Amino acid sequence: DSFAVAWLEKVGAEAELRVRRILPDGSLDVPVRAAATQINRESGFPRLAWSGVSLFVSWTDLSTPGGQVRVGRFDWAKAVPAK
């Protein structure tokens, strides 16, 4: 019953991967910082998937040679990032 969006936002010389939920009435939840990331496009585009009230976010972390896929989970029922 809701949507989620993800984007990269430049913060100084770094970038953050942020996510936000869009509710059925069009209102917006507060953006949540999912991870620090690189500002370039080599990391590709984040992917989002819902499972119940949890939003899973995956992205490519290029801070190590060859890169690594990372996954984060956000429990929107609690309105805080899940560990």
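Just so you know, these numbers come straight off a predicted model, no measurement behind them.

Draft legend 1. Layout of the environment of P31. The residue P31 is located in the loop between β2 (14–22) and β3 (32–37) in this model. Relative accessible area serves as the criterion here: at 30%, P31 is assigned to the partly exposed category. Beyond its immediate stretch of four places on either side in the chain, P31 contacts W7, V19 and R20.

Draft legend 2. Local environment of the nonpolar core. Counting 10 residues, the largest nonpolar core consists of L17, V19, V32, A34, A35, L55, V57, W59, F74 and W76. Put simply, the parts of the chain that give this core at least two residues each are β2, β3 and β5 (54–61).

Draft legend 3. Highlighting the pairing of strand β6 (residues 68–75). Pairing analysis gives 8 bridges linking β5 to β6, with the strands arranged antiparallel. Following the sheet pairing, S54 is matched in β6 by D75. If you look at the hairpin formed by β5 and β6, you'll find 6 residues sitting between the two strands, and G66 has a positive phi there, around 85°.

Draft legend 4. Representation of a nonpolar patch on the surface in the model. The grouping of F56, V69 and V71 at the surface amounts to a nonpolar patch, some 280 Å² of accessible area in total. With respect to the helices and strands, the residue V69 is situated in strand β6. When its relative accessible area of 60% is taken as the criterion, V69 is described as exposed.

Each value, and the rule that gives it
Residues numbered from 1 in each chain as written. Predicted model: local features only at pLDDT ≥ 70, side-chain atom pairs only at ≥ 80, totals over all residues. Heavy atoms only, no water. Helix = DSSP H or I, 4+ residues; strand = E, 2+ residues; numbered from the N terminus. Buried < 20%, exposed > 50% of the residue type's maximum accessible area, 1.4 Å probe, protein only. Contact = heavy atoms within 4.5 Å. Core = buried A, V, L, I, M, F, W, Y, C linked by side-chain atoms within 4.5 Å. Pairing = 2+ DSSP bridges. Patch = residues over 30% accessible without salt bridge, like charges linked within 9 Å, V, L, I, M, F, W, Y side chains within 5 Å. Areas by Shrake-Rupley, 256 points an atom, 1.4 Å probe, with all protein chains shown as cover. Salt bridge = Lys/Arg side-chain N within 4 Å of Asp/Glu carboxyl O.

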